[in-house]
Amino acid sequence: MWYNVGMKILLTGGTGYIGSHTAVELVAAGYKEIVIFDNLSNSKELVMAKIAEISGIEPEFVEGDILDKVALKGLFKKHKFDAVMHFAGLKAVGESVEKPLQYYETNVGGTVNLLEAMRVAGCKKIIFSSSATVYGEHAEVPYSEDAPTGQGITNPYGETKHVIEEILKDVAESESGWQVVILRYFNPVGNHPSGLIGEDPNGIPNNLMPIVMKVARGEMAELLIFGDDYDTPDGSGVRDFIHVVDLAKGHVAALEKLSGLAADDSAILIYNLGTGGGRSVFEVIATYEKHAGKKLPRRVVDRRLGDIGEVYAGVEKAARELGWKTELDLDDAMRDTLKFLG
Ligand code: NAD
Ligand code: UD1
């Protein structure tokens, strides 16, 4: 199969955790025309030099906000993009409960601004970072892309992802040529094996691995385990932990799927990106401790509001249509996490 590696690709939010890993995998796959647009609200410009160190190419960086329509217009005027990967957004679930308007404005409003800038510029290929959270709390494992979405979502962050998916579907149907891929991520973990880039959020994280890292660094006193009384083999929550490098490669596969479509074909393609299997919170901790050679201070507390026992992805569709599946496991993720911790 021949791919158009000459495509010029915009990565909004590209200095962030998943965007930076995707930039590296794009370069590795031969895509060299990459522009990153990010307001650095949850990342650092230093990441650009790290991407260059790993991949040998430093993408162009533009500091800007997806809420700034003028900046977006200027960006699309300066560059003729063939496709956009849209990572930019706010992702802290707890914060979204306290500041719903900020989340709707940035995630939903920012995406609308981006889509409008794309429409005006005639760039109609977009890959969007969605989440397993759109399936809501009543879905059955393994989650299938055909399962209903938007029911039983427990927080505004999740609602924004669902609303954006609906907007993308409407846009794809509005005029010919829109080619949309929605990627529903499960639980990204790990980092690049070089140890040069990784998850480094500002503020207090709520996801498991960033908290494990803060505890490991002594920046938090202990890890609170949210419940050991779920109906799971060891009682702790079970999730589909996907290595971020595998996740990043999933984006390259999605781009290649898009580049195989005829220019005037419209498409809305939805894929889960996960491993297809669940691992428990206790297993994650044990795997981390095995590689670190020391115990993490931890304590079991009550379940977290809105959590469910078991979540994992059905991955057959991505395998069949994208020719993609994960290659790395939890051991790889924990080993790489320790390299990033230094
Ligand atoms: P991240 O915070 O590391 O990256 C997001 C980037 O977007 C950051 O660099 C941030 O500075 C930037 N950004 C935020 N608001 C912006 C704005 N208004 N204008 C321009 N840039 C802005 O997060 P991530 O983990 O890399 O997540 C990327 C995407 O994937 C997000 O949309 C997130 O919701 C989604 N997602 C993440 C996870 C996860 O567990 N990490 C799971 C499912 C979906
Ligand atoms: C959470 C969000 C989800 C979002 C996803 C990615 C909730 C209810 N869900 O999913 O909407 O899409 O992050 O951003 O917030 N855990 C602990 N202690 C901790 C942190 C987590 O025991 O300090 C446990 C959780 O109970 C869960 C597992 O670790 O069983 C994974 O948690 P987390 O990383 O927050 O991801 P999700 O809950 O899957």
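Reading the values: the criteria
- Residues numbered from 1 in each chain as written.
- Chains lettered and ligands numbered in written order.
- Predicted model: local features only at pLDDT ≥ 70, side-chain atom pairs only at ≥ 80, totals over all residues.
- Heavy atoms only, no water.
- Helix = DSSP H or I, 4+ residues; strand = E, 2+ residues; numbered from the N terminus.
- Rg over C-alpha atoms; globule rule 2.2 N^0.38 Å.
- Buried < 20%, exposed > 50% of the residue type's maximum accessible area, 1.4 Å probe, protein only.
- Areas by Shrake-Rupley, 256 points an atom, 1.4 Å probe, with all protein chains shown as cover.
- Lys, Arg positive; Asp, Glu negative; His and termini not counted.
- Charge placed at Lys NZ, Arg CZ, Asp CG, Glu CD.
- Near = heavy atom within 4 Å.
- Polar contact = N/O pair within 3.5 Å; in protein donor to acceptor, adjacent residues only side chain to side chain.
- Nonpolar A, V, L, I, M, F, W, Y, C, P; charged D, E, K, R; others polar.
- Expected span 1.5 Å × (residues − 1).
- Pairing = 2+ DSSP bridges.
- Right-handed = clockwise from strand over helix to strand, strands pointing away.

J.: Got a sec to walk through the overall build of the protein chain? Specific residues and values, please.
T.: Each helix and strand in the protein chain was counted, giving eleven helices and 13 strands. The C-alpha radius of gyration of the protein chain comes to 19 Å, within 12% of the 20 Å expected for a compact globule of 342 residues. Scored against the burial criterion, the 342 residues of the protein chain give a buried share of 52%. Here the protein chain displays about 14,900 Å² of accessible surface, and carbon together with sulfur accounts for 51% of that area. The distance from the centre of the 35 positive side-chain charges to the centre of the 50 negative ones in the protein chain is 4 Å.

J.: Could you give an account of the site of ligand 1, with specific residues and numbers?
T.: In the region of ligand 1, 26 residues are neighbours, and Ile-18, Asp-38, Asn-42, Ser-43 and Lys-91 sit closest. Interatomic distance of 2.6 Å between a side-chain N/O atom of Asp-38 and an oxygen atom of ligand 1. Relative to its free-state accessible area of 810 Å², ligand 1 is covered by the protein chains to the extent of 96%. Among the secondary structure elements, those contributing two or more residues to the shell around ligand 1 are helix H1 (17-28), strand E5 (125-131) and helix H6 (156-174). The element best represented in the shell around ligand 1 is E5, accounting for three residues. Its residues assigned to classes, the shell around ligand 1 shows nine nonpolar, 13 polar and four charged.

J.: Can you tell me about helix H8 (residues 244-259), naming the residues and giving the values?
T.: With 16 residues, H8 ought to run about 22 Å at 1.5 Å a step, and its terminal C-alpha atoms sit 23 Å apart, in line with that. With 13 of its 16 residues buried, H8 lies for the most part within the structure.

J.: Let's hear about the pairing of E5: which residues, and what values?
T.: Where burial is concerned, most of E5 is hidden: seven out of the seven residues are buried. Taking every second residue as pointing to the same face, both faces of E5 are buried, with Lys-125, Ile-127, Ser-129 and Ser-131 on one and Ile-126, Phe-128 and Ser-130 on the other. Relative to E5, strand E4 (residues 83-86) is paired through three bridges, and the arrangement is parallel. In the sheet register, Val-84 faces E5, and the bridge partner there is Ile-126. For E5 and strand E6 (residues 179-185), the ladder comprises seven bridges, and the chain directions are parallel. Paired with Ser-130 across the bridge in E6 is Arg-184. Handedness of the β-α-β unit built from E5, H6 and E6 comes out right-handed.

J.: Could you give an account of the site of ligand 2, with specific residues and numbers?
T.: Taken together, 20 residues surround ligand 2, and among them Asn-207, Leu-208, Leu-224, Arg-239 and Asp-307 come closest. One of the backbone N or O atoms of Asn-206 is found 3.4 Å from an oxygen atom in ligand 2. Contact with the protein chains removes 90% of the 740 Å² of surface that ligand 2 exposes when unbound. Secondary structure elements with two or more residues in the shell around ligand 2: helix H7 (208-216) and strand E8 (223-226). Of the residues forming the shell around ligand 2, the biggest block, four residues, is contributed by E8. Counted by class, the shell around ligand 2 contains nine nonpolar, eight polar and three charged residues.

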